[in-house]
Amino acid sequence: MLSKRIIPCLDVKDGRTVKGVNFVDLRDAGDAVELAAYYAEQGADELVFLDITATHEKRKTLVDLVQKVAKELNIPFTVGGGISTPEDVGILLNAGADKVSINSSAVRNPQLISDLASRFGSQCVVVAVDARFEDEKWEVYLNGGRLATGIDLFEWILEAERLGAGEILFTSMNHDGTKNGFANETLAKLSAMVNIPIIASGGAGNMEHFADTFIDGKADAALAASVFHFKEIEIPDLKNYLKSKNIPVRI
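Everything numeric here is computed off the predicted structure, so don't read it as measured data. (Residues numbered from 1 in each chain as written. Predicted model: local features only at pLDDT ≥ 70, side-chain atom pairs only at ≥ 80, totals over all residues. Heavy atoms only, no water.)

Peer 1: For this particular structure, what's the right way to read the layout of surface pockets?
Peer 2: Gaps left between atoms show up when a probe the size of a water molecule is rolled over them. Approximately 190 Å³ is the volume attributed to the second largest pocket. Forming the walls of the second largest pocket are Met1, Leu2, Ser3, Lys4, Arg5, Glu46, Lys99, Glu167, Pro197, Asp220 and Arg250. In terms of residue class, the lining of the second largest pocket is made up of three nonpolar, one polar and seven charged. (1 Å grid on protein atoms, 1.4 Å probe; cavity = no way out; pocket = protein on both sides within 12 Å on 5 of 7 lines; lining within 4 Å. Points joined across faces, edges and corners; volume = space filled by probe spheres on them. Nonpolar A, V, L, I, M, F, W, Y, C, P; charged D, E, K, R; others polar.)

Peer 1: Explain empty space enclosed by the protein here, please?
Peer 2: If you walk through the whole model with that rule in mind, you get one cavity of 30 Å³ or more. Size it by volume and the largest cavity reaches roughly 40 Å³. Every residue lining the largest cavity is listed: Ile7, Glu46, Val48, Thr78, Lys99, Ser101, Val126, Glu167, Leu169 and Ile199. Among the secondary structure elements, those contributing two or more residues to the lining of the largest cavity are strand S6 (99–102) and strand S10 (167–172). Within the lining of the largest cavity, the residues separate by chemical class into five nonpolar, two polar and three charged. (Helix = DSSP H or I, 4+ residues; strand = E, 2+ residues; numbered from the N terminus.)

Peer 1: Would you explain the UniProt feature "active site" (unreviewed entry) in the protein chain in this entry?
Peer 2: As recorded in UniProt, the feature "active site" (unreviewed entry) lies at Asp11 and Asp130. Taken together, the annotated residues stretch across 120 residues yet fold into one region, lying no more than 13.9 Å apart by C-alpha. With respect to the helices, strands and loops of the structure, Asp11 is situated in strand S1 (residues 5–13). Of note, Asp130 is situated in strand S7 (residues 125–134). Of note is the side chain of Asp130, whose polar atom sits 3.1 Å from the side chain of Asn103. (UniProt positions renumbered as here; feature names shortened; annotations may be inferred. Polar contact = N/O pair within 3.5 Å; in protein donor to acceptor, adjacent residues only side chain to side chain.)

Peer 1: Honestly, the packing of aromatic side chains in this entry has me stumped. Any pointers?
Peer 2: To describe a pair of aromatic rings, you give the distance between the ring centres and the angle between the ring planes. Enumeration according to the criterion identifies seven aromatic pairs in this entry. Between Tyr39 and Phe228 the ring centres are 6.3 Å apart and the planes differ by 65°, which places this aromatic pair in the edge-to-face class. Of this pair, Tyr39 sits in helix H1 (residues 32–42) while Phe228 sits in helix H9 (residues 226–229); the two residues are 189 residues apart in sequence, bridging distant segments of the chain. Taking the centre distance of 5.8 Å and the plane angle of 75° together, the rings of Phe182 and Phe210 count as edge-to-face. Here Phe182 is found in the loop between S10 and helix H7 (184–193), whereas its partner Phe210 is found in helix H8 (residues 207–215), with 28 residues between them in sequence. By way of ring pairs, the aromatic residues Tyr38, Tyr39, Phe182, Phe210 and Phe228 are connected into one cluster. (Phe/Tyr/Trp six-rings, centres within 6.5 Å; stacked < 30°, edge-to-face > 60°.)

Laid out in structure tokens, this is it:
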């Protein structure tokens, strides 16, 4: 059985790491470069860096900050925000990213997934999906959760896999920042539908939530932000806890 991955996420706005609840009420969570170095030292399996307002502000990801973060890391590094062309991806990979995360641009131009997969390899392409459960259905949102699309979550994830996505990063907007646990029922359904890894995001509040998303949600990786940024959970403690539950992790 493959090891489950623990992934801290740096949501970056104006060069600083921020964290909110349900995608709003952002507060400062520290310096992105310092946090990256700390997580690499703590034993994180990967790091995700999301320039959360790049798409909304119609600009590119902060490449100079990506370079500074990459210098601190010896673990896989995924970067997202404002990516809309293969050229954008080439710049970020040259700056030190190992993978890219595409979200709004993939929905607007699904062919981008195929273009990136064929040029850089599927293993490099993470399709991030923000979705909200309303009126008995999961709907995909764009622009950092600001824009409803009418697109069904499950149909979109199947399409993303077909087009060449290497991984899916699924964030439940209903659970994001609430610390009440991940959307495990939905995660399990997604995992059963596709053959590529699913990263759970949105809702981590304690160590049990991570165990639950690996066992009940069938997630391949769990991503979290505030519980790590504000030192509510330390990664070595989390991994030891998961190991005690017979969940395979890299110690």
